[in-house]
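# A look at the structure
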Amino acid sequence: MTGRDTPPSVQDGAFGYEPPGPDSFGTTSGAGKKSLSPEEGFKIARAAFLSSTNWLNAGRRAAWADSLRAFQNRHAMGSKYSSRDFAYRSNLYMPKTRATIRKNEAHTATAFFSNEDVVSIKPTNDDDPKQLASAEVLQQILDYRLKKSIPWFLTVVGARQDCEVMGICVTKADWEYEEKKVRTEVRAVTDPETGELQLDEDGFAKVETYDVMEVLKDQPRVDLISPENIRFEPGCDWRDVVNSSPYLIEMMPLYIEDVKAKMASGEWKDVPESALRSSSDIEDDTTRRAREQDRVPGKDKDAWKPQGFEICWVHNNIIKWGGRDWQFYTLASAGELLTEPRPLEEVYLHGVRPYVVGFVVLETHKTYPAGKPELTRDLQRAANDDWNLRFDVLKLQLNPRLFVKTGAGIDPQDARTFMPGKIVLMKGNPADSVSWERPPSPGPEAYQESDRINLMWDDLVGDFTNSSVQSSQVEQQSATGMNLMSGEASGTKEYELRMFAETWAEPMFRLLIKLIQAYETDETILAMAGNNAQLWQRFGIDKVTDDLLDAELTVTANVGIGATNPIHRLKNFLTASEAIGKMFGPQIMAQGANFQEILKEVFGMVGYRDGMRFIKQGFDPHVAMLQQQLQEAQQKGKAGPQQQPPDQSRVQAAQITGQYRLAERQLEARQEDKENASELQIARLKVNADMARQEVKQQHDLVKLRMDQQHQTGMANMQHNLSMFAAAAAPQPTHPAPARVQ
């Protein structure tokens, strides 16, 4: 051990951090070596799995079991309510833990799915048209994949539930490809370089047979992994568990028939069937058993399962060795190798580890943070005790204890049975032989203590419930006071949502983007994405290529402050828009706003996923605003300015002053007529002068054109005469007489 809380940086040394000499896995260091041998990979993977499992069993198993039981409204193991002393007493469980987690799941669904655009993809350089086009295309492809190929809603809500209950959530994203043989066909053999047909010795074209395959699956896949089925180094960097851990081991439950199919296809090595059947999880996984509520877990081996559908466990090992990551599969029991160790970038083309680990509760320097049931454990126990004690008293109030005098001749079983009209035979006076004892009713202190527990619970988890309102000392529970308390509770909710988005959602989106960039080849989806992104209209690009998809991008989850409270969110949005309008003016704000995005956001806040269906297709608010202004200007020009009706008390004064103004208007009109006449005359003179100048210019151009034509004609005649004179002065050639043929 080096004594450091987290391993040193990967830049320490030529190949990252490697301990000198023999390491803790019982093999020599990988520094300076080119490849990981199967023997060394087997030793490292087995030692890493055993050490991490021992740490997990000692450090987290008991807490996980109690958290799962609290989520299922069951008392913890070893609780007093499970003892014989409480066999006839109230042992109820107040479902506050389950209610809190369900609320957080609902807040997550509201925040992530109130808008159609779950993720925003932006280019790193806004001035680069290629990056802009790449961001638009990847936005469309990712949106399609999240809606059609991946059960994204269940994955997001399930990941949040794992964070709440277990403390962490683990997801794996890879590409799923599956095909089957349809038929066999024959084709001519061509030269791979020139493309020309290859001929045999007889001069005929060579032919070959090939299998026609049908693609069954070609899509991304996101799996939500149980936290107990992942292993990583507990001492790695708590801020980035996936990339800082020297190893990652995923325990994969697979059906034996599926493993046999991989062996038959040659993807995995052949191992005996006995090894597959012995690779069941023979250890008692207390976490799985607690999740299944003391039932036999479905992924465990049992005799009731039909043959062929039994579960065997396979380990997906990612080991950092020699400065790079290596991947291979092994069986769970003896660790037989199913594949040879290969560099990670050969197995996963995007070259990164395909896992994401997220959390909600922040606990620094701890790779396994606590879940909500651990934080509220004592408050949950106090709520249960208070509830059960009050129930015991209420039961005795409604059904008090019965005291029967010895020798009264009453059968105890007969006295315990209550029935209207029942006859009980006894000796003597019933008042002397039978008596009832009613304990005092629970006082107000019991209910006040319950309210205090609820208040502390709400403060811890950030809830705002009716108990908070009823127990608070706000002035008569005014609307302002309740709004303040609701704002404080919403702050905690938004903090948890931001933590979930930063640690899990955005890394998950970035990993999906890398998958699409590396594996997406579906021409239909690529064409659809290019069409929706309007590549040709906006960027002049008519085809989606690999270079276009491989641009540098920035991915952000669309989860903002106020996402859980739509009223506050809409209010904040309107406040921000009003502030921008005051700073730059409402006209500038209206012209620069993105109408479609604002429409989606506002309708998403009030419960509609998309508001585009309420707007006519092709509607542009900027054009409509300009048309309206034009129509108003035309109407004002036709009708003149509209005047308000005069006040009756000022009618006489208006009539007196109107006569004088009428005379002034007449004089002004006459003066304007004279000025207009003079201006008209001047304009006519200008027009006549312009026409005269234009006519002179045209005549000048015509004369010049005629002179040019005459000059060209004279020059042509002179050239012709010179040519004729030169031809006449030249000596004539003499030709000999042809020879006579003898």
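Just above sits the structure.
Anyway, here's the lowdown on the structure attached to this text.

So, about the overall build of the chain. Each helix and strand counted, the chain has 25 helices and 12 strands in total. Split into buried and exposed, the 742 residues of the chain put 36% on the buried side. If you take every contact in the chain between residues at least 6 apart in sequence, the share linking residues at least 24 apart comes to 71%. In the structure as shown, the chain presents an accessible area of about 46,800 Å², 53% of it carried by carbon and sulfur atoms.

The strands making up a sheet associate through backbone hydrogen bonding, with each pair oriented either parallel or antiparallel. With antiparallel pairing, the 3 strands of this open sheet are ordered in space as β3-β2-β9. At either end of the open sheet lies a strand with only one pairing partner, and these are β3 (207-225) and β9 (355-359). This sheet shows a mean twist of 20 degrees between the axes of neighbouring strands, independent of strand direction. The pairing of strand β2 (residues 168-188) with β3 spans 18 bridges and is classified as antiparallel. Its bridge partner being in β3, threonine 171 is matched across the sheet by leucine 224. Strand contacts of helix α5 (residues 152-166): β2, β3 and β9, with the helix running at about 145 degrees to β2, the strand carrying the most contacts.

This part takes up the sheet that holds strand β8 (residues 342-343). Judged by pairing direction, the sheet is antiparallel, and its 5 strands sit side by side in the order β4-β5-β6-β7-β8 without closing on themselves. Two strands close off the open sheet at either side, each with one partner strand: β4 (230-232) and β8. Pairing analysis gives 2 bridges linking strand β7 (residues 324-331) to β8, with the strands arranged antiparallel. By the bridge assignment for β8, tryptophan 326 is matched with proline 343. Helix α7 (residues 256-264) contacts β5 (247-255) and β6 (311-321) of the sheet and is inclined by roughly 105 degrees relative to β5.

By the definition in use, this model includes 12 aromatic pairs. Between tryptophan 152 and tryptophan 504, the aromatic rings sit 5.7 Å apart at their centres with planes inclined by 15 degrees, giving stacked as the arrangement. Of the two residues, tryptophan 152 sits in helix α5 while tryptophan 504 sits in helix α17 (residues 479-519), which places them 352 residues apart along the sequence. Comparing tryptophan 152 with tryptophan 504 shows no difference in burial state: the two are buried. Pairing phenylalanine 232 with tyrosine 368 gives two aromatic rings, centres 4.8 Å apart and planes at 15 degrees, and the pair type is stacked. Taken together, the residues span a long stretch of sequence, with phenylalanine 232 in strand β4 and tyrosine 368 in the loop between β9 and α11 (372-375) at a distance of 136 residues. For phenylalanine 232, a relative accessible area of 1% corresponds to the buried category. We classify tyrosine 368 as buried; its relative accessible area is 6%.

On to the side chain of threonine 367, then. Looking at the secondary structure, you find threonine 367 in the loop between β9 and α11. Side-chain polar atoms of threonine 367 contact the backbone oxygen of proline 234, separated by 3.2 Å. With sequence-adjacent residues up to four places away left out, threonine 367 is seen in contact with Ile168, Phe232, Pro234, Cys236, Trp238 and Val241.

As a further point, take unusual backbone geometry. Non-glycine residue asparagine 73 carries a positive phi angle of around 60 degrees. Tracing the backbone shows asparagine 73 in the loop between α2 (61-71) and α3 (96-113). For asparagine 73, a relative accessible area of 30% puts it in the partly exposed group.

Attention shifts here to the nonpolar core. Ranked by size, the top nonpolar core spans 82 residues in total, and within it Trp152, Trp504 and Leu512 carry the most contacts. It is α17 that contributes the most residues to this core, 13 residues altogether. Those residues in contact with tryptophan 504, other than ones at most four positions away along the chain, are Trp152, Thr155, Val156, Ala159, Cys169, Thr171, Val356 and Gly358. Residues Ile44, Ala45, Tyr247 and Trp326 belong to the second largest nonpolar core, which totals 15 residues.

Running from N to C, helix α4 (residues 129-148) and helix α18 (residues 523-532) cross one another at 125 degrees; their axes reach a closest spacing of 8 Å. As far as their axial angle goes, α18 and α4 are oblique. In this structure, α4 crosses over α18, and the sense of that crossing is right-handed. In contact with Val137, Gln140, Ile141, Tyr144 and Arg145 of α4, α18 contributes Ile525, Leu526, Met528, Ala529 and Asn532. In the contact of α4 with α18, the residues fall into 7 nonpolar, 2 polar and 1 charged.

Given 3.6 residues to a turn, an α-helix orients residues that are three or four positions apart in the same direction. When α18 is considered as a whole, its buried residues turn out to be Ile525, Leu526, Ala529 and Gly530. One side of α18 holds all its buried residues, which, seen down the axis, span an arc of 135 degrees. Within α18, the exposed residues directed more than 90 degrees away from the buried face are Glu523, Thr524 and Asn531. Near the N-terminus of α18, the side chain that reaches the backbone nitrogen of threonine 524, with its oxygen 3.0 Å away, is that of aspartate 522.

With that settled, the discussion passes to a nonpolar patch on the surface. Where nonpolar side chains cluster on the molecular surface, the patch consists of Leu402, Val404, Phe418 and Trp436 and spans about 390 Å² of accessible area. In this fold, phenylalanine 418 is placed in the loop between α13 (412-416) and α14 (430-433). Taking relative accessible area as the criterion, phenylalanine 418 reaches 55% and is therefore assigned exposed.

Another aspect to go through is the environment of arginine 61. Looking at where arginine 61 falls in the secondary structure, it is placed in helix α2. C-alpha of arginine 61 to C-alpha of glutamate 228: the two residues are 167 residues apart in sequence and 8.6 Å apart in space. Those residues in contact with arginine 61, other than ones at most four positions away along the chain, are Leu56, Glu228, Arg231, Asp285, Thr286 and Thr287.

Once that is clear, we can look at the environment of histidine 315. By the element assignment, histidine 315 lies in strand β6. On the basis of relative accessible area, histidine 315 is assigned to the buried category, the value being 4%. Not counting the four nearest positions on each side in its chain, histidine 315 is found in contact with Phe49, Ile249, Glu250, Met251, Phe328, Tyr329, Thr330 and Ala332.

Parameters at a glance
Residues numbered from 1 in each chain as written. Predicted model: local features only at pLDDT ≥ 70, side-chain atom pairs only at ≥ 80, totals over all residues. Heavy atoms only, no water. Helix = DSSP H or I, 4+ residues; strand = E, 2+ residues; numbered from the N terminus. Buried < 20%, exposed > 50% of the residue type's maximum accessible area, 1.4 Å probe, protein only. Contact = heavy atoms within 4.5 Å. Areas by Shrake-Rupley, 256 points an atom, 1.4 Å probe, with all protein chains shown as cover. Pairing = 2+ DSSP bridges. Axes fitted to C-alpha atoms, helices over the stretch in contact; angles between N-to-C directions. Phe/Tyr/Trp six-rings, centres within 6.5 Å; stacked < 30°, edge-to-face > 60°. Polar contact = N/O pair within 3.5 Å; in protein donor to acceptor, adjacent residues only side chain to side chain. Core = buried A, V, L, I, M, F, W, Y, C linked by side-chain atoms within 4.5 Å. Parallel < 35°, antiparallel > 145°, perpendicular 65-115°, else oblique. Left-handed = near helix turned anticlockwise from the far one by under 90°. Nonpolar A, V, L, I, M, F, W, Y, C, P; charged D, E, K, R; others polar. Arc of directions from axis to C-beta. Patch = residues over 30% accessible without salt bridge, like charges linked within 9 Å, V, L, I, M, F, W, Y side chains within 5 Å. Salt bridge = Lys/Arg side-chain N within 4 Å of Asp/Glu carboxyl O.

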